[in-house]
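These are the residues of each chain, in order.
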Amino acid sequence: MRCVILFIYNYHNMEEKMKAALKTAEGTFDVTEVEAPKLENPDWVLARIKVAGICGTDLRHWKKEEPELECKIMGHEMAGEIVEVGREVKNLKPGDRVVIETVLGDGTCNWCRVQKYNLCPHLYPVRMESVSRAFAKYVLAPQNKFYKLPDHVSFEEATLLDTFSVCMHAIQLSGIKINDKVVVIGAGPIGLAQLQLAKACGADVLITDIVDSALELAKELGADMVVNTKDKDAYDAVMQFTDYRGADISFECAGGPTMEQTLEQATHYARIGGKVVIVGGFDKGKTSISLEWQRIQMGEIKLIPSASYSYWDIYPEMQMCLDLLAKGKINAKKMITHSFSLDEINKAFETAEDKQHTGAVFVALTI
Ligand SMILES: [Zn+2]
């Protein structure tokens, strides 16, 4: 079924229609013209999206029949330029180059009130209806969701800040310390960002994956040891790496359908008194994964789920990542392996999905 496009003439925007990729019934995309968003709230901002990213979360919806997402604009990693600001907006003006945070809660619940909006019970419906719309030409968001880019940070690099921010939240929850022995499971965008932040904290990092090209990149980004777990378990390597204690912290960064093995591995690799941080996402409705519960209990191994990002103390986690990127303490550029135009979005998703053959890590869409 083709999506029915609503066309309403509006007097406020420069353009009434915009190009966007809408999710089809089969879970692919249809690039078409839709109504452009209109600036109505006095403290919101309209931005022209320049680059969007394809994230692991997006891939979990690829070619899935999800009637509730049909004809919706997806995507939540983006950078661009401000086009128009509401009359109450301070510190932002048309032409500013920005990264746009898409973690937006309802603004009224207990968690939103204390800036822990990543835990807002209405996070997903609110995001989907407003700012989580990266695969399009324009987007609207509240003014506090825009972070200004220094001139030397490109839109492509800035698009990875959402990924880094997810990992920054996990880093903060982990209580990581200098000289910690860390295991990262999964060398996709999340795993490679987790690796870099752990290295920036002064930890030694072993990273695992089943794709050799991803592990090569991990080495270039500072991994102390890499292990391909396609045919063998990394347990012996982890033991050697940690002087036979096990990891102080293991980060599960694979997520999705492999969680059954990778979460089990993460707990298996953690030392007595160590921590397991769950960064990768579970598939919807996943309820049963068996773990070595007796060892977890007897060893007081802490399981720490991490969800999205927001603030840590007084700092927006996205701003923290932007600071690190601007100072060259993390590398986003090396993680961008492919770039496509919005018209080629289906090819871009195919490429990202088939990483075993394409070597894709971060796939960018130029809009
Ligand atoms: Zn809320």
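Computed from a prediction, not measured in an experiment: that's the story for all the values here.

Cut-offs used in this document
Residues numbered from 1 in each chain as written. Predicted model: local features only at pLDDT ≥ 70, side-chain atom pairs only at ≥ 80, totals over all residues. Heavy atoms only, no water. Helix = DSSP H or I, 4+ residues; strand = E, 2+ residues; numbered from the N terminus. Polar contact = N/O pair within 3.5 Å; in protein donor to acceptor, adjacent residues only side chain to side chain. Contact = heavy atoms within 4.5 Å. Donors = N, O, S within 2.8 Å, 3.2 Å for Na, K, Ca; no water. Tetrahedral: all angles 85-135°; square planar, octahedral: opposite > 155°, others 65-115°. Buried < 20%, exposed > 50% of the residue type's maximum accessible area, 1.4 Å probe, protein only. Core = buried A, V, L, I, M, F, W, Y, C linked by side-chain atoms within 4.5 Å. Axes fitted to C-alpha atoms, helices over the stretch in contact; angles between N-to-C directions. Parallel < 35°, antiparallel > 145°, perpendicular 65-115°, else oblique. Left-handed = near helix turned anticlockwise from the far one by under 90°. Nonpolar A, V, L, I, M, F, W, Y, C, P; charged D, E, K, R; others polar.

1. Considering the side chain of His 169
Tracing the chain through its elements places His 169 in helix α5 (residues 161-174). A distance of 3.0 Å separates polar atoms of two side chains, one belonging to His 169 and the other to Glu 317. Excluding residues within four positions of it along the chain, His 169 makes contact with Asn 118, Ser 306, Ala 307, Ser 308, Tyr 309, Ser 310, Trp 312 and Glu 317.

2. As for the coordination of the zinc ion
Within the protein, the zinc ion binds to Asp 106 (OD), Cys 109 (SG), Cys 112 (SG) and Cys 120 (SG); these donor distances fall in the range 2.1 to 2.4 Å. In this structure, the zinc ion is coordinated by four donor atoms arranged in tetrahedral fashion, with angles at the metal of 100 to 118°. All donors to the zinc ion come from one chain, and their sequence spacing reads D-x2-C-x2-C-x7-C. When sorted by exposure, Cys 112 lands in the same class as Cys 120, which is buried.

3. Quick word on the nonpolar core
Side chains of a nonpolar character, in soluble globular proteins, are inclined to be buried together. Counting 61 residues, the largest nonpolar core has Phe 164, Val 182, Leu 192, Ile 207 and Phe 251 as the members making the most contacts within it. A per-element tally of this core places α5 first, with seven residues. Contact partners of Phe 251, with chain neighbours within four places excluded, come to Ala 170, Ile 171, Ser 174, Val 182, Val 183, Val 184, Ile 185, Gln 194, Val 277 and Val 279. Ranked by size, the runner-up nonpolar core spans 48 residues in total, among them Ile 73, Ala 134, Leu 342 and Leu 365.

4. A few points about the packing of α5 against helix α6 (residues 189-200)
As a packed pair, α5 and α6 sit with axes 9 Å apart at the nearest point and diverge in direction by 55°. Here α5 lies oblique to α6, going by the angle between them. Along this stretch, α5 crosses α6, giving a crossing that reads as right-handed. Taking contact as the criterion, the partners of Thr 163, Phe 164, Val 166, Cys 167, Met 168, Ala 170 and Ile 171 in α5 are, on α6, Pro 189, Ile 190, Ala 193, Gln 194, Gln 196, Leu 197 and Ala 198. Split into classes, the residues belonging to the contact of α5 with α6 amount to 11 nonpolar, three polar and no charged.

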